[in-house]
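Per-entry structural report
Listed below are the residues making up each chain.
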Amino acid sequence: MPRAAAVRVEAALAEVAELEATIRAAQARQFELIAEASEAFHLDDAVLAGLTTEDQCRFPHCSRPATRTDFDHTEGWADGGRTDAANLACLCRAHHRMKHHGGWRVRQLGRGRLEWTSPTGRVQVTEPEYAFMQGVGGAQGP
């Protein structure tokens, strides 16, 4: 292998090693932040029981069972959103990510109703399945 090509290969390998180290550091920081957030808020037993009675993901037309969902803060916890039933909903992992990174917006209408706005502006409302959520506070929807 000519010397110039060997130098380029060595430089590329060094760059890859540097990028891998940066990724490992970012992943370690992400796990630290998750641990800090987990310690910072706690779902009381009534809220947890109510949310886990939901039957499925609350994204429009999704039927993934609630047992396979995340609890999502409608107003982000990092932005001051409360950790209570009036600000939480069950979202499957795909729709949780779509909400955060796919241009969708959601707001709580009260009594567990969620108003979803697509990236194109289409609005859909989802209703909670169980009465526990229908008694939850927040703004009262139409």
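Now for a look at the structure at hand.

Cut-offs applied
Residues numbered from 1 in each chain as written. Predicted model: local features only at pLDDT ≥ 70, side-chain atom pairs only at ≥ 80, totals over all residues. Heavy atoms only, no water. Helix = DSSP H or I, 4+ residues; strand = E, 2+ residues; numbered from the N terminus. Buried < 20%, exposed > 50% of the residue type's maximum accessible area, 1.4 Å probe, protein only. Contact = heavy atoms within 4.5 Å. Phe/Tyr/Trp six-rings, centres within 6.5 Å; stacked < 30°, edge-to-face > 60°.

The subject of this paragraph is the environment of cysteine 92. Among the structural elements, cysteine 92 can be located in strand β2 (residues 88–92). With a relative accessible area of 4%, cysteine 92 lands in the buried category. Counting along the chain gives 25 residues from cysteine 92 to threonine 67, while the straight-line C-alpha distance between them is 9.1 Å. Apart from residues no more than four positions distant in its own chain, cysteine 92 is found in contact with Cys57, Cys62, Arg64, Arg68 and Thr69.

Using the criterion set out here, one finds 3 aromatic pairs in the structure. Here phenylalanine 59 and tryptophan 104 contribute two aromatic rings whose centre-to-centre distance is 4.7 Å and whose plane-to-plane angle is 70°, an arrangement assigned as edge-to-face. With phenylalanine 59 in the loop between α2 (45–52) and β1 (69–73) and tryptophan 104 in the loop between α3 (93–101) and β3 (105–110), this residue pair connects regions lying 45 residues apart in the sequence. For the pair phenylalanine 59 and tryptophan 104, a shared accessibility class is recorded, and that class is buried. The structure contains a cluster of three or more aromatic residues connected by ring pairs, namely Phe59, Trp104 and Trp116.

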